[in-house]
Every structure is written in C-alpha cells, then in structure tokens.
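Structure assessment
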Amino acid sequence: MSKKSKKKEKRYNHLKEMAKLTRLMKEMYERGQSELCEVRNSEIHGRGVYAAADIPKETKVIEYLGEYIDKDESEERAWAQAAKAEESGDAAVYIFTLDDKWDIDGNVPWNDARLINHSCDPNCEAWIEEDEIFIYSLREIKKGEELTFDYGFDVDCYEDHPCRCGSDKCIGYIVSQEQWSELKERISKLEEKVEN
Ligand SMILES: C[S@@+](CC[C@H](N)C(=O)[O-])C[C@H]1O[C@@H](n2cnc3c(N)ncnc32)[C@H](O)[C@@H]1O
Ligand SMILES: [Zn+2]
C-alpha cells in the first residue's frame, strides 16, 4: 500500500471510530431522558427534575445512568469529592451502591436523574434492577411537582448537609429516614448542652 492510501485508510478508520462514539453518546443521552420529567431550576437547590405529566404510583420514571466503578475507585472518588466539598462547599455526591463489588458514578452529563434533589418527604425512590438503577414514583405525582428521593446519607455527617426540601416533614438535615430517631437524639442532646 502506498503512503497516500495508508494515510487515507487511517483517516477513514478514525472517522469510523468517531461516528461510532457519536452514535453511542446520542444513545446514552436519549436513554437518560424521559417523557415523564424535565430539568428546571429548583426551589430546593440549583437545578432539579420536575414531572412533565401526571405520574401514577410505582411508575418507572427515569433511569439513573453512570459509570460502573469498583469499590477501590469508588472510595478514591468519594474522598476526592469530600475534599472538593470542604474547599468549595459544593457537596454533590453522585455515587450509588450497586452491589458488594460495584458502584455507579452518576456524574455524567447524559444522566438527567443526577439532578434529582433530596426531600424528607420524597415522592420517588431508586430501585436496582439487574445491573441498572431506575427512579420509581412512590405515590401519584402531579405534573409540575419536583421529583425527589431520600439520599440516605449517614447521620454521622448530618451537620455537613442541611436540608432545604421545604416539606412539612423536613427534619432539617439530609439524613436517611432510617436514622431519624438517632438524629433527633443527637440534636436534643446538643440542645440540652446549650441550655445548661
Ligand atoms: C446530586 S446533586 C442534585 C442536583 C443539584 N440540585 C444541582 O443543581 O446540581 C446533590 C446536591 O444538591 C443539593 N441538594 C439536594 N437536595 C437538597 C436539599 N433537600 N437541601 C439542600 N440541598 C440539597 C446538595 O448540595 C447536594 O449535595
Ligand atoms: Zn428536608
């Protein structure tokens, strides 16, 4: 093969690869969208995800897409995120536990579900199906309502995550509902200390 045709072949292969990648990206962006919801500015925080139609109870609303990472990588990223949070005050965490070996880091631009905010009275929940994560409605959701789920953060770092969900049930901090009794105990002990 001549030098000229080798160069031509190289260029052709490169463009073929680029076309394949572009198709894949398009596919991922389409998969990360749902007719049932849309991204808008949120009253809770930054951007949020809102119901674009009435959604019945226990409906699959949107997939939570991301990068599959093992536990070592996940721990490294969690430390990096914590360091960044300390520096900038931006505490966004996108890592979901998939099983005892793998996690999903949802911090990819085609994952609209990463923008769903936390609420102390959530209307959605994340369910794992096989190796994929989906956001399901917990109850009937009216068009225009903001979608939320329980981030399930640990009570040990509650002070780092004040909650602004605005619901009547708001406990004041982004903490897993399973740990609310522990949280209430810790807060009342602190209040006792201040009073004495
Ligand atoms: C995964 S992001 C959610 C999308 C976010 N609103 C944005 O615009 O990037 C998670 C971050 O949003 C903020 N957030 C989510 N729910 C919140 C809430 N109920 N109260 C206060 N901040 C919240 C916190 O900073 C949290 O670390
Ligand atoms: Zn709240």
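Basis of the calculations
Residues numbered from 1 in each chain as written. Chains lettered and ligands numbered in written order. Predicted model: local features only at pLDDT ≥ 70, side-chain atom pairs only at ≥ 80, totals over all residues. Heavy atoms only, no water. UniProt positions renumbered as here; feature names shortened; annotations may be inferred. Donors = N, O, S within 2.8 Å, 3.2 Å for Na, K, Ca; no water. Tetrahedral: all angles 85-135°; square planar, octahedral: opposite > 155°, others 65-115°. Buried < 20%, exposed > 50% of the residue type's maximum accessible area, 1.4 Å probe, protein only. Near = heavy atom within 4 Å. Polar contact = N/O pair within 3.5 Å; in protein donor to acceptor, adjacent residues only side chain to side chain. Areas by Shrake-Rupley, 256 points an atom, 1.4 Å probe, with all protein chains shown as cover. Nonpolar A, V, L, I, M, F, W, Y, C, P; charged D, E, K, R; others polar. Patch = residues over 30% accessible without salt bridge, like charges linked within 9 Å, V, L, I, M, F, W, Y side chains within 5 Å. Salt bridge = Lys/Arg side-chain N within 4 Å of Asp/Glu carboxyl O. Helix = DSSP H or I, 4+ residues; strand = E, 2+ residues; numbered from the N terminus. Pairing = 2+ DSSP bridges. Axes fitted to C-alpha atoms, helices over the stretch in contact; angles between N-to-C directions. Phe/Tyr/Trp six-rings, centres within 6.5 Å; stacked < 30°, edge-to-face > 60°. Lys NZ or Arg CZ within 6 Å of the ring centre and 35° of its normal. Lys, Arg positive; Asp, Glu negative; His and termini not counted. Charge placed at Lys NZ, Arg CZ, Asp CG, Glu CD.

The name an unreviewed UniProt entry assigns to the protein chain is SET domain-containing protein, from the organism Rubritalea squalenifaciens DSM 18772. The record held by UniProt for the protein chain lists under Subcellular location (unreviewed entry) the comment "Chromosome".

Here we come to the coordination of the zinc ion (ligand 2). Distances from the zinc ion (ligand 2) to its protein donors, namely Cys120 (SG), Cys163 (SG), Cys165 (SG) and Cys170 (SG), fall within the range 2.3 to 2.4 Å. Coordination at the zinc ion (ligand 2) is tetrahedral: its 4 donor atoms span angles of 103 to 113° at the metal. In primary-sequence terms, the residues that donate to the zinc ion (ligand 2) follow C-x42-C-x1-C-x4-C. The class for Cys163 is buried, based on a relative accessible area of 11%. For Cys165, a relative accessible area of 12% gives the class buried.

Turning next to the site of ligand 1. By nearness alone, 19 residues border ligand 1, and His45, Arg47, Asn117, His118 and Arg164 come closest of all. Measuring from a nitrogen atom of ligand 1, one finds a backbone N or O atom of Arg47 at 2.7 Å. Within the backbone of His118, one N or O atom sits 2.8 Å away from a nitrogen atom of ligand 1. The fraction of the free accessible surface of ligand 1 (570 Å²) that becomes covered by protein chains is 90%. A class-by-class count of the residues in the shell around ligand 1 yields 12 nonpolar, 4 polar and 3 charged.

So, on to a nonpolar patch on the surface. A surface patch of nonpolar side chains, about 280 Å² in accessible area, is lined by Met18, Leu21 and Leu24. With respect to the helices and strands, the residue Leu21 is situated in helix 1 (residues 3–31). Residue Leu21 is classed as partly exposed on the basis of its relative accessible area, which comes to 48%.

A sheet is described by the order of its strands in space; here 3 strands give the open sequence 4-6-5, paired in antiparallel fashion. Strand pairing shows two members of the sheet lacking a second neighbour, strand 4 (67–70) and strand 5 (95–97), which therefore form its edges. Neighbour to neighbour, the strand axes of the sheet diverge by 35° on average, direction disregarded. Pairing between strand 5 and strand 6 (residues 102–105): 3 bridges, direction antiparallel. The residue of strand 6 that forms the bridge with Ile95 is Asp105.

Attention shifts here to the packing of aromatic side chains. Centre-to-centre distance and the angle between the planes together describe a pair of aromatic rings. Considering all chains together, one arrives at 7 aromatic pairs under this definition. Ring geometry for Tyr151 and Phe153: centres 5.4 Å apart, planes at 50°, overall tilted. With centroids separated by 4.8 Å and ring planes inclined at 85°, the aromatic side chains of Tyr158 and Tyr173 adopt a geometry described as edge-to-face. Of this pair, Tyr158 sits in the loop between strand 10 (148–149) and helix 3 (180–195) while Tyr173 sits in the loop between strand 10 and helix 3; the two residues are 15 residues apart in sequence, bridging distant segments of the chain. Relative accessible area serves as the criterion here: at 24%, Tyr173 is assigned to the partly exposed category. Among the aromatic side chains, those forming a connected cluster through ring pairs are Tyr64, Phe96, Phe149, Tyr151 and Phe153. A cation over an aromatic ring shows up here: Arg40 above the ring of Tyr50, its NZ or CZ 4.3 Å from the ring centre. The ring of Phe134 has Lys60 sitting right over it, with the charged end atom 3.9 Å from the ring centre.

Another point: a negative patch on the surface. Among the surface-exposed residues, Asp70, Asp72, Glu75 and Glu76 lie close enough to one another that they form a single negatively charged patch. Of all the elements, helix 2 (residues 71–88) adds the most residues to the negative patch, at 3 residues. Looking at the secondary structure, you find Glu76 in helix 2. Residue Glu76 is classed as exposed on the basis of its relative accessible area of 55%.

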